[in-house]
Amino acid sequence: MQEGRALTPTEINRDLLRSVLEPPKWFWPVVVILTLWVLVGVTVSGIMINRGLGVTGLNRPVAWGFMITNFVFWIGISHAGVMLSAILRLAKAEWRRPATRAAEVLTIFSLMTALTMPIMHVGRPWRVLYWVFPYDFARGIWPSVRSPLVWDPSAILTYLTSSTLFVLIALVPDLAVLRDHTTGVAHRIYSVLSLGWQGNARQWKFQVIAGVLLSALILPVFVSVHSIVSWDFGMAASVKSWHSTIFAPYFVIGAVHSGVSAVVFVMILLRSMFGWQEYIRKEHIDALGRLLIVVATGWFYFLCMEIIFGLYGREADEVAVRTMQFMEYPWNVLMIIFAGITYFLPVALWLPRSFRRNLWIMSLACISVNVGMWLERYLIIVPGLARKQVFTFTWQTYMPSITELLLILSTFGLVSLLLLLFSRVFPLVPLYDIKEGEFLRAKVQVGRSTVPATIRED
Amino acid sequence: MAKRPLLGLFDSADRAADAGDALKKAGIAETDYDFLTDAPYPEGAFGERAEHHRLYIYPMIGAVLGLTSGVMLTSMTQMAFPMVQGGKPILALPPMAVICYEGTMLGAILFTIFGILFESRLPAGKLGLYDTRITQGFIGVLVHCEDAEHGKVSGILSSAGAVEVKWENARAATA
């Protein structure tokens, strides 16, 4: 894991602060394009609030559609941060260094984006306050803690708060570097944000402990978040194909699958956008590709089990939904596409080492996984609801409206915009982590070959 | 007499460690000097003092407070509006456990963050004697000593290989 050349602290500062101190020429034009893209979403949201949910394709019984699909999708992406940062930090995996911050920041922005989806989905967003927060002291009416729809915000807000604080604590030493490299107003702002960081032994000791301790504390929250999201579905006894005990682990591993794929794609983008070839190296993408093979296969196992669990009881209603998913057009075609692009195609692409080190192929595989995982959530939500009622005359299918489509597309613009703006103000690769990796670098002579190695502190 | 800081800048970890050894030998207390770096060096790399802390208590206190808040929130709100749903008890443990769990974890994490900042002595009101070259890979040896000792300490740092020794009123001695 030490393929690149040795880097000096000055080079690391110069390269990794480039996005903040010398933004590339394309930066502001891209920001303008993304802002316009987001404004499309804001406009359609306004139309939706003004006209009501009638402008969407939602109906009875399919009351959950694209927005809830997108909500689950973004929650899934948010799991990348903890997966990479916490697990790899605890395992002391050397190749985590360039990936952690981008993954953690992606967690925050995708969680924030995910939260907007159910808020828009309720039609009258201000009413969410009534349903979620216990504040109604005057009338004595409180949110029902027995509802998974109340568990959900409690888990997501816990995860969002924890992830944000995790990122901010890890940013302090890098903010001190920015303080030392800026002048004027920027210097004053970074001075305040860096909290008077000096970099003494005590501060570094707690910075290292913070990484490990917070990783250990956030991991159980990370598992709980997608488990609870899965219970939005799993607890609904009346919806066949949803009411399954396997949903929690199945959702968690699915989230990791899509999240890590998204992080790989973001890392490839950062590498080419900011010229970080020395930091985000092909060996890192290769390692993530190998990890993804394991995660994808674990996810595929749960997918098979979920289908087998559903069919094993041979309940007529459940079999009817499954028959629809696998036998009826267009669901059967979507199912084949979904399985192909989420597992078979990407895993086939990740198997050869030369493919894992080809950034175009890795990008294709990671985008393929994420399109597939979006489709997976759609294929869970809509067919289940379409056959929710016992009488055939209440069966209904779902066709998203252009409003929903534009809203969903704008969320991708929003996450990209937030990431780009973050990179303009804060470094997206942790400088001190890279510097630490540099002085722990070593070479070991084994016979006639020299093996790159890393000294690890226990 | 009040102690004032003195900062020696070194371009290598070995020289900074040598300076630490020389300061110890000269009778400067371990609590009076510190090493400033731009990355977390392995503990004891400069022969610095061991740092003691009680950080592990913070998440426990936070977890207990978070759990208590979770139990109060779930039980008191349900008791305030006791509506039976699906024939289940008003205070049903499985759903309460979910909120209590999140409360526990949130409390533990918030208190850990507070503990990290407190134990790191952050936010520090004033940066104090510092040099921006520290974030470019130089190692700073910050010594707090009485005015009478400044000459001696400055000499120790210079002979250990400091590229520059500076003190608070910005007077600097370049080696």
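Residues numbered from 1 in each chain as written. Chains lettered and ligands numbered in written order. Predicted model: local features only at pLDDT ≥ 70, side-chain atom pairs only at ≥ 80, totals over all residues.

1. Some details on the overall build of chain A
- Helix and strand counts for chain A come out as 17 helices and 2 strands.
- A globule of 458 residues ought to have a C-alpha radius of gyration of about 23 Å, and chain A, at 23 Å, matches this closely.
- Counting only C-alpha atoms and orienting by the principal axes, one finds that chain A spans roughly 70 × 60 × 40 Å.
- The 458 residues of chain A split such that 47% are buried.
- Once local pairs closer than 6 in sequence are excluded, the contacts in chain A between residues at least 24 apart make up 79%. (Helix = DSSP H or I, 4+ residues; strand = E, 2+ residues; numbered from the N terminus. Rg over C-alpha atoms; globule rule 2.2 N^0.38 Å. Buried ≥ 20, exposed ≤ 12 C-beta atoms within 10 Å, placed from the backbone. Contact = placed C-beta atoms within 7 Å.)

2. Considerations on the overall build of chain B
- The helix and strand inventory of chain B stands at 4 helices and 5 strands.
- Its C-alpha radius of gyration of 26 Å places chain B more than 25% over the 16 Å reference for a compact globule of 175 residues.
- Along the first, second and third principal axes, the C-alpha set of chain B runs to 85 × 30 × 30 Å.
- The buried share among the 175 residues of chain B stands at 39%.
- Residue pairs in contact within chain B that sit at least 24 positions apart in sequence constitute 78% of those at least 6 positions apart.

3. Some details on unusual backbone geometry
- With an omega of 0°, the peptide bond running from Tyr329 of chain A to Pro330 of chain A counts as cis.
- Among the structural elements, Pro330 of chain A can be located in the loop between helix 12 (316-327) and helix 13 (331-350).
- Geometrically, the link from Leu122 of chain B to Pro123 of chain B is a cis peptide bond, its omega value of -5° lying close to zero.
- Within the fold, Pro123 of chain B resides in the loop between helix 3 (93-119) and strand 3 (139-145).
- In the Ramachandran plot, Leu195 of chain A falls in the positive-phi region, its phi being about 60° despite a non-glycine side chain.
- Looking at where Leu195 of chain A falls in the secondary structure, it is placed in the loop between helix 8 (184-193) and helix 9 (201-234).
- Positive phi values are uncommon outside glycine, yet Ser241 of chain A reaches one of about 80°.

4. Structural notes on the packing of helix 4 (residues 66-90) of chain A against helix 16 (residues 402-425) of chain A
All names here are of chain A.
- The interhelical angle for the contact between helix 4 and helix 16, taken along N-to-C directions, is 15°, at an axis separation of 10 Å. On the basis of the axis angle, helix 4 is roughly parallel to helix 16. Between helix 4 and helix 16 the crossing geometry is right-handed. Note on element contacts: helix 16 touches helix 4 through Glu404, Ile408 and Thr411, opposite Phe66, Met67, Asn70 and Trp74.
- When its residues are assigned to classes, the contact of helix 4 with helix 16 shows 4 nonpolar, 2 polar and 1 charged. (Axes fitted to C-alpha atoms, helices over the stretch in contact; angles between N-to-C directions. Parallel < 35°, antiparallel > 145°, perpendicular 65-115°, else oblique. Left-handed = near helix turned anticlockwise from the far one by under 90°. Nonpolar A, V, L, I, M, F, W, Y, C, P; charged D, E, K, R; others polar.)

5. Thoughts on the interface of chain A and chain B
- Each partner contributes to the interface: chain A provides 49 residues, whereas chain B provides 48 residues.
- Counting residues per element, the ones that place at least two in the side of chain A that touches chain B are helix 1 (9-16), helix 7 (148-181), helix 9 and helix 17 (431-439) of chain A.
- Along the lines of polarity and charge, the residues of the side of chain A that touches chain B split into 27 nonpolar, 15 polar and 7 charged.

6. Quick look at the domain arrangement of chain B
- Along its sequence, chain B is carved into domain 1 (4-49 + 126-174) and domain 2 (57-119).
- Here the C-alpha centroids of domain 1 of chain B and domain 2 of chain B sit 48 Å apart. (Domains from an automatic or database assignment.)

7. Quick notes on the pairing of strand 1 (residues 4-10) of chain B
All names here are of chain B.
- Counting buried positions along strand 1 gives 5 out of 7 residues, so the element sits mostly inside the fold.
- Both strand 1 and strand 3 contribute to a ladder of 7 bridges, which runs antiparallel. For Arg4, the partnering residue across the bridge sits in strand 3 and is Cys145. (Pairing = 2+ DSSP bridges.)

8. Some words on the packing of helix 4 of chain A against helix 9 of chain A
Residues and elements named next belong to chain A.
- Here helix 4 crosses helix 9 at 150°, and the two axes come no closer than 9 Å. Comparing their axes, helix 9 and helix 4 come out roughly antiparallel. Seen along the crossing, helix 4 lies across helix 9 with a hand that is left-handed. Here helix 4 contributes Val72, Ile75, Gly76, His79, Val82, Ser85, Ala86, Arg89 and Leu90 to the contact with helix 9, which in turn contributes Gly211, Val212, Ser215, Ala216, Ile218, Leu219, Phe222, Val225, His226 and Val229.
- A class-by-class count of the residues in the contact of helix 4 with helix 9 yields 12 nonpolar, 6 polar and 1 charged.

9. Let's talk about the nonpolar core
- Counting 134 residues, the largest nonpolar core has Ala102, Leu106, Val260 and Val263 of chain A as its most contacted members.
- The element best represented in this core is helix 10 (residues 247-274) of chain A, accounting for 16 residues.
- Here Ala102 of chain A is in contact with Val263, Val266, Met267, Leu270 and Leu428 of chain A, once residues within four sequence places are set aside.
- Residues Trp204 of chain A together with Leu7, Leu23 and Ala162 of chain B belong to the second largest nonpolar core, which totals 28 residues. (Core = buried A, V, L, I, M, F, W, Y, C linked by C-beta atoms within 7 Å.)

10. A look at the confidence of the model for chain B
All names here are of chain B.
- The pLDDT averaged across chain B works out to 88; a share of 95% of its residues lies at or above 70.
- Predicted confidence in chain B is weakest over strand 5 (residues 172-174), with a mean pLDDT of 49, and strongest over helix 3, with 94.
- Scored as a complex, the prediction yields pTM 0.91 and ipTM 0.91. (pLDDT = per-residue confidence, 0-100.)

11. Side note on helix 4 (residues 150-160) of chain B
Residue and element names in this part refer to chain B.
- Restricting attention to buried positions, one finds in helix 4 the residues Val153, Ser154, Ile156, Leu157 and Ala160. Here the buried residues of helix 4 occupy an arc of 160° about the axis, which is enough to place them on one side. Away from the buried face of helix 4 by more than 90 degrees, exposed residues Gly151 and Ser159 are located.
- Looking one or two residues past helix 4, Gly161 carries a phi angle of roughly 110°, positive in sign. (Arc of directions from axis to C-beta.)

12. Notes on the environment of Leu7 of chain B
Residue and element names in this part refer to chain B.
- With respect to the helices and strands, Leu7 occurs in strand 1.
- Its 23 C-beta neighbours within 10 Å are what place Leu7 among the buried residues.
- Contact partners of Leu7, with chain neighbours within four places excluded, come to Leu129, Asp131, Gly140, Leu142 and Lys166.

13. What to know about the environment of Trp331 of chain A
Residue and element names in this part refer to chain A.
- Structurally, Trp331 is set in helix 13.
- Sequence separation between Trp331 and Pro383 is 52 residues, and the spatial gap between their C-alpha atoms is 8.1 Å.
- Those residues in contact with Trp331 that sit more than four places away from it in its chain are Met324, Gln325 and Pro383.

14. Observations regarding the environment of His226 of chain A
Residue and element names in this part refer to chain A.
- In this fold, His226 is placed in helix 9.
- Judged by local crowding, His226 falls into the buried class, with 27 C-beta atoms found within 10 Å.
- Excluding anything up to four places from it in sequence, His226 contacts Ile75, Gly76, His79, Phe251, Val252 and Ala255.

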